[in-house]
Amino acid sequence: MTEHKHENQQLWNEWSDDFQALWNANTVDGELPPAPSPFGSDGPGEPQPDILDSVAEKDYVELGCGGGQASVGTAELGAETVVGVDISGEQLQHARQLRDFYGVDAQFLKGDITNLPLPDDSFDVASSETVYQMIKHLGEAFREVHRVLRDGGIFVLSVPHPIHESLDVEKEIFERSYYDTGRREITINDDYEANLIAFDHTVADLHNSLVDAGFTVKRLLEPRHHQTTLDDRNDSDLPELLWKVPGSVRFWAVAE
């Protein structure tokens, strides 16, 4: 395992309990924790029914599944097989707990998304939320996704938008160049021994790496930051810049 992957694995093991607590912060006693699927009406971004009508009876894998929210939510929508893969054992413990809360059938595996512990041509659908910005070499990672998808398989990829990541939203200034795709170290908590290591690939790099790996990109979406969907702009304390730039970039791609 490379140094930056080891650092990220350690960080997620340290951060896991606190991070998953954020997901459950607004859970009312007696209600299940949230488990939004990218293919559901409450999922992030915008559903694309003209590309994928339904995940029912499909074989699905979540890449970098973390606490398993998308896996569990997609199982709830009727997927035939659901598998989540993540590098962090602590995150996977949360994923298995969430699965058991919902009583759905899903398998969670520890593994590196650039070297998936999965056989060729195993899935109809794959998705990933805010993971591939931690991958230095996109080509090998996207080829792995293509390998485990069947012909015509759908890959939904979302990462923080590189423009958003290059800004200081409070000061409304660029902290670094949009074209700076080198290693970036982010301190999540001074009490953690590890930091988050990110690589802010440009939108062109993401798109072209998907194409080079054998995908056809059908849709490219640029949703605003998710917090703006929760607040009234006129009454919000959020930085004004969050309404002016995309928070993420989202690709719907097909394996050819």
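Residues numbered from 1 in each chain as written. Predicted model: local features only at pLDDT ≥ 70, side-chain atom pairs only at ≥ 80, totals over all residues. Heavy atoms only, no water.

Asks: I would appreciate a short explanation of the packing of aromatic side chains in the present structure.
Replies: Note on aromatic pairs: each is described by the distance of the centres and the angle between the planes. By the definition in use, this model includes 10 aromatic pairs. Ring centres of W12 and F19 lie 5.1 Å apart, and the angle between their planes is 90 degrees; this geometry places the pair in the edge-to-face category. Assessed through its relative accessible area of 22%, F19 is described here as partly exposed. An angle of 70 degrees between the planes, with centres 6.1 Å apart, marks the rings of Y132 and F155 as edge-to-face. With Y132 in the loop between β4 (123-129) and α4 (138-148) and F155 in strand β5 (residues 149-160), this pair connects stretches of sequence that are 23 residues apart. Accessibility classification places Y132 together with F155 in one group, the buried group. Joined through ring pairs, the aromatic side chains of Y132, F142, F155 and F215 make up one cluster. (Phe/Tyr/Trp six-rings, centres within 6.5 Å; stacked < 30°, edge-to-face > 60°. Buried < 20%, exposed > 50% of the residue type's maximum accessible area, 1.4 Å probe, protein only. Helix = DSSP H or I, 4+ residues; strand = E, 2+ residues; numbered from the N terminus.)

Asks: What exactly am I supposed to notice about the packing of helix α2 (residues 69-76) against helix α3 (residues 89-102) here?
Replies: Think of two packed helices as two axes; the pair is described by the angle between the axes and how far apart they sit. Interaxial distance between α2 and α3 falls to 9 Å at its minimum, and their mutual angle equals 25 degrees. Of the possible angle classes, the one that applies to α2 and α3 is roughly parallel. At the point where α2 passes α3, the crossing takes the right-handed sense. Of the residues in α3, those touching α2 at Q69, V72 and E76 are L98, R99 and Y102. Looking at the contact of α2 with α3 residue by residue, the class counts come to 3 nonpolar, 1 polar and 2 charged. (Axes fitted to C-alpha atoms, helices over the stretch in contact; angles between N-to-C directions. Parallel < 35°, antiparallel > 145°, perpendicular 65-115°, else oblique. Left-handed = near helix turned anticlockwise from the far one by under 90°. Contact = heavy atoms within 4.5 Å. Nonpolar A, V, L, I, M, F, W, Y, C, P; charged D, E, K, R; others polar.)

Asks: Honestly, helix α1 (residues 3-23) in this entry has me stumped. Any pointers?
Replies: In an α-helix, one full turn covers 3.6 residues, which means residues spaced three or four apart are oriented alike. Across its 21 residues, α1 extends 29 Å between first and last C-alpha, which sits within 8% of the 30 Å expected from 1.5 Å per residue. At S16, α1 is deflected by roughly 55 degrees, the largest bend along its length. Buried residues of α1: H4, K5, E7, N8, Q9, L11, W12, W15, S16 and Q20, and no others. For α1, the elements touching its buried residues are α2, α3, β3 (107-110), α4, β8 (183-186) and β9 (196-199). (Expected span 1.5 Å × (residues − 1). Bend = angle between axes of the 7 residues up to and from the residue.)

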